[in-house]
Structure formats: C-alpha cells, structure tokens
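Here's the letter readout for the chains.
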Amino acid sequence: MSKTFKYGLHGLPTRHGVGPSCVSLPAGQWPTITDFLVERFPAITRETWLERMQQGLMADEFGLAVTPERPYQGHMRVYYYRALDDERRIPFEETVLYQDEHLVVADKPHFLPVTPSGHYLQETLLVRLKNRLGLDGLTPIHRIDRETAGLVLFSVRIADRNAYQGLFRQHTIHKHYEAIAPWRASTVFPLTRKSRIVEDKPFFRQIEVPGEPNSESRIDVLEVAGNVARYALSPVTGKKHQLRVHMNSLGLPILNDRMYPPVEHTPDDDYRLPLQLLAKSIAFTDPVTGQQRQFETRFSLNF
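Throughout what follows, the structure given in this document is the object of discussion.

What follows is about the packing of helix 1 (residues 33-40) against helix 2 (residues 46-54). Two elements in contact, helix 1 and helix 2, have axes whose closest approach is 9 Å; the angle formed by their N-to-C orientations is 135°. With respect to helix 2, the element helix 1 is oriented oblique. Like other packed secondary-structure pairs, helix 1 and helix 2 cross with a definite hand, here right-handed. Within the contact between the two elements, helix 1 uses T34, D35, L37 and V38 and helix 2 uses R46, W49, L50 and M53. For the contact of helix 1 with helix 2, a count of residues per class yields 5 nonpolar, 1 polar and 2 charged.

Encoded structure:
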C-alpha cells in the first residue's frame, strides 16, 4: 500500500533549501508512472527515478508515494526533487543587508543565479539564503541576471508576496543600476530608450524588433575615463536582459557581456571578467509596513 505523506496536498516539503519540481501527467496509456517519466525525461535514467522513489523523494499531489510499479494515472501532478551530480561551487559570497519578518534584502555577487535552473541548484542565491536563514518560504520578489551583481529582494511570508510584487507591476519602485561600457561623445545623454524586446534564438537571448515598445530604460553618464564611461541606468520596465539589450542597441555594449552583441557560441564563465553591470540601489514605500525603504549595494564595478 502506498505511504501517505503528512504534507498532503502540497506535494513534498523543502529539502536542503530546494523545493520540489512538479510534472503534470497527461492522459495516456503508459503502464506505470515510471514508464512515463523515463519517456518524458530521456536525460534521466530509469535507475535515477527508481532511486528517488526508494528514498521517498516522490509523491503525487495528494501526498501518496510514487512507487516503481504504481499504475499510470493521467490528469494528476507528481512532485520530485531535482538532483545535480558534482555541482560546482561558485566562489563568491552573498550578503544579507536587511532582514525583518516580512522582507530580506540580499547583495548578490556576479555569476550566482537567483533561483534554481539548468545546471544550478544549491549554488543559487535563493537556496543559499533558505539554508542560511532557515526560511523555507522565502520567495524572490524580482530577479536579476546571473551575470549581474547587486540587490535582490525576497518576501519572507507568502501572504506578503503579492503586495511586494505589486511594486514592480505598478512601477512604484525606484531601481538604479550602474554599468561600465564604451564612451562615444557623439551620443547625447541623458536619453530614454524605448523598444520592443522579444525572445531570440537561442531562447536565452533577447532581441529588439519593430513594433509597440514593451521596454523602457533611462540612461545617463556618471563619469568618463578615456574610451569607457560609467553609466547610470534606470529601468522603467523589467524585460529580460533589458539593460544589456538597450546598451548594445546604442552601440555601447556593457563590458564583459558574453551575449550582447550576439555571438554564435556563448563563452564559458571567466571569473576574472565579470559583467560590468550592478543593481546599485532600490527605494520604495513598504506596502506591508508603510515605511520608506532604501537600500544600496556594497559591491562596486571595476572602473
């Protein structure tokens, strides 16, 4: 008989700071759930799935254990834990700048992802903070690129998350970035860049296309040194890679950007050459407490 987990309808609990992944079972004729998973995820061996089941690391949405011979049943969700063999340690440390019962503000180093994806699981800002602070319900309110350093906000309580995310939807939060990029005297600053940004190929790269703008950035110069300058960037919207795309479209690609301008093969990380883009400061009225909040990163760029 299948074991029933005490956490019931919510699938599996957080494990080592990592929440479970979820897969929906469609209508179909697979003999067992195991057979479906092997076909659905060809990169994961049957032995890996069987090992997860044996360790009690898989359950359905009702809290029942998924076992090797359990018959297939469509229109149901199955929860499981991702695992990465020999995940490489990212040799840079985050800092917690502020913490209360509602909000955590972290300073993220270059190269560290905010949330688990792809080849990154334990080596992400979210999982590191969950393990460090003992806050299983911690949720990012927004995200910055893995290559970008600087401020990231987290909601401690699920009940508060929507209120904090509303700051970004309503554009009532003030975010400021800094970047190091080439200097061109013929470009007049300050300027506002508006364009339509869509997903390019490969999927992780973005591109500007004709059409109604869905992105807006305000750009100014802070100081010039020879052929490069330090820029102040204020994104009004929050499209993926927006600041990087806008700077590249101006013919001023951010120093050490491995994707903009586009290249056929994205180079591997070089820890000696971090992207010179920094989430510098953030200010807002806290929607939960009503207090004025303002935070600034302790990181700096190599100008």
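This part covers the sheet that holds strand 3 (residues 76-80). Spatially, the 3 strands line up as an open sheet ordered 1-3-2, and their pairing is antiparallel. In the strand order of this sheet, the two ends are held by strand 1 (21-25) and strand 2 (58-60), each with one partner. Recorded for the sheet is a direction-independent mean angle of 25° between the axes of neighbouring strands. Here strand 1 pairs with strand 3 via 5 bridges, running antiparallel. Note that in strand 3 the partner of S24 across the bridge is R77. Sheet strands touched by helix 1: strand 1, strand 2 and strand 3. Its angle to strand 1, the strand with the most contacts, is close to 110°.

What follows covers the nonpolar core. Core analysis: the largest hydrophobic core is formed by 32 residues, its most contacted members being L138, F154, I219, Y231, L233, M247 and L277. Of all the elements in the fold, those that place two or more residues in this core are strand 5 (103-108), helix 3 (125-133), strand 7 (149-155), strand 8 (174-182), strand 12 (228-235), helix 5 (242-249) and strand 13 (277-285). Ranked by size, the runner-up nonpolar core spans 14 residues in total, among them F36, M53, M76 and Y80.

A word on the packing of aromatic side chains. Each aromatic ring pair is characterised by the separation of its centres together with the angle its planes make. Taken as a whole, this structure holds 14 aromatic pairs when the rule is applied. Residues Y98 and F295 carry aromatic rings whose centres are separated by 5.4 Å and whose planes lie at 45° to one another, so their mutual orientation is tilted. With Y98 in strand 4 (residues 95-99) and F295 in strand 14 (residues 292-296), this residue pair connects regions lying 197 residues apart in the sequence. The exposure class assigned to F295 is buried, which follows from its relative accessible area of 11%. An aromatic cluster of three or more residues is present, and its members are W30, F36 and Y72. It is R52 that lies over the ring of W49; its NZ or CZ is 4.9 Å from the centre.

So, about the side chain of E94. By the secondary structure assignment, E94 is in the loop between strand 3 and strand 4. Using a relative accessible area of 9% as the deciding quantity, one classes E94 as buried. A polar atom in the side chain of E94 sits 3.5 Å from the side chain of R132.

Geometrically, the link from K201 to P202 is a cis peptide bond, its omega value of -5° lying close to zero. Within the secondary structure, P202 sits in the loop between strand 9 (191-199) and strand 10 (206-209). With an omega of 5°, the peptide bond running from Y260 to P261 counts as cis. Note on placement: P261 falls in the loop between helix 5 and strand 13.

The next thing to look at is the pattern of salt bridges. Any two side chains of opposite charge can pair if their charged atoms end up close together. Per the counting criterion, the structure on display carries 25 salt bridges. A salt bridge links E296 to K280; its shortest N-O distance comes to 3.5 Å. Taken together, the residues span a long stretch of sequence, with E296 in strand 14 and K280 in strand 13 at a distance of 16 residues. When salt bridges with common partners are traced through the structure, they connect D145, R146, E147, R244, D257, R258 and D269 into a single cluster.

What follows is about the environment of G238. Mapped onto the fold, G238 is located in the loop between strand 12 and helix 5. Spatially, the C-alpha atom of G238 lies 21 Å from that of G251, the residues being 13 residues apart in sequence.

Basis of the calculations
Residues numbered from 1 in each chain as written. Predicted model: local features only at pLDDT ≥ 70, side-chain atom pairs only at ≥ 80, totals over all residues. Heavy atoms only, no water. Axes fitted to C-alpha atoms, helices over the stretch in contact; angles between N-to-C directions. Helix = DSSP H or I, 4+ residues; strand = E, 2+ residues; numbered from the N terminus. Parallel < 35°, antiparallel > 145°, perpendicular 65-115°, else oblique. Left-handed = near helix turned anticlockwise from the far one by under 90°. Contact = heavy atoms within 4.5 Å. Nonpolar A, V, L, I, M, F, W, Y, C, P; charged D, E, K, R; others polar. Pairing = 2+ DSSP bridges. Core = buried A, V, L, I, M, F, W, Y, C linked by side-chain atoms within 4.5 Å. Buried < 20%, exposed > 50% of the residue type's maximum accessible area, 1.4 Å probe, protein only. Phe/Tyr/Trp six-rings, centres within 6.5 Å; stacked < 30°, edge-to-face > 60°. Lys NZ or Arg CZ within 6 Å of the ring centre and 35° of its normal. Polar contact = N/O pair within 3.5 Å; in protein donor to acceptor, adjacent residues only side chain to side chain. Salt bridge = Lys/Arg side-chain N within 4 Å of Asp/Glu carboxyl O.

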